[in-house]
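Here's the letter readout for the chains.
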Amino acid sequence: MQTIHVLLVDDHEGFINAAQRHFRKVDWLKVIGTASNGLEAIAQSEALRPEVVLMDLAMPEMGGLQATRLIKAQDAPPYIVIASHFDDAEHREHATRAGADNFVSKLSYIQDVMQILESLHADTARDGAVS
């Protein structure tokens, strides 16, 4: 069974901890790192090479949109999901323009993220890589 390596990016430690507790229950999913802002996310993405980055939209120092643009410019960039409390067409459009592969509302984060990750895991099992 192929493991999907995830980088969690959010400036709220409680949110990161809650997501990690849930993800630990999934045997094919491994959180390989965390970051609390976009600058850390870029460095962690380059160093750890996750298949998926779960990225908060609004963070100090550098937000998720700018970090997404810069991570997507890396060689073999990860699949990026932007998460935000602001779930509207404008924020979704900004995320898409920044290069995000998907967008989820923080109000239904675990449910929506798990659907995306399960789909990516099925693709990985079939094709051998996250696409």
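Residues numbered from 1 in each chain as written. Predicted model: local features only at pLDDT ≥ 70, side-chain atom pairs only at ≥ 80, totals over all residues. Heavy atoms only, no water.

**Some remarks on helix α3 (residues 64-72)**
Cut-off, in case you're wondering: Burial classification: accessible surface area is computed with a 1.4 Å probe over protein chains only, and a residue below 20% of its type maximum counts as buried, one above 50% as exposed, and the rest as partly exposed. A run of H or I in DSSP becomes a helix once it reaches four residues, and a run of E becomes a strand once it reaches two; helices and strands are each numbered from the N terminus. This arc corresponds to the set of directions leading from the helix axis out to the C-beta atoms. The contact definition used throughout considers only heavy atoms, calling two residues in contact when any of these lie within 4.5 Å.
Inspection of α3 places Gly64, Ala67, Thr68 and Ile71 among the buried residues, and these make up the whole buried set. Down the axis, α3 shows its buried residues gathered within 105° of arc, on one side only. Residues of α3 that are buried sit in contact with α2 (38-48), β3 (52-56), β4 (79-84) and α4 (89-98).

**Details of the sheet that holds strand β5 (residues 102-105)**
Strands in a sheet are paired, the pairing made by backbone hydrogen bonds, and the direction either parallel or antiparallel. Convention followed: Strand pairing is defined by DSSP finding a minimum of two bridges between the two strands. Only the stretch in contact is used when fitting a helix axis, every axis being a line fitted to C-alpha atoms; angles between N-to-C directions are given from 0 to 180 degrees.
Read from one edge to the other, the open sheet built from five strands follows the order β2-β1-β3-β4-β5, with strand pairing classed as parallel. Each of the sheet's edge strands pairs with one partner strand only, and the pair in question is β2 (29-35) and β5. Strand-to-strand twist in this sheet, taken as the mean axis angle between neighbours without regard to direction, amounts to 25°. Across six bridges, strand β1 (residues 4-9) lies against β2 in parallel orientation.

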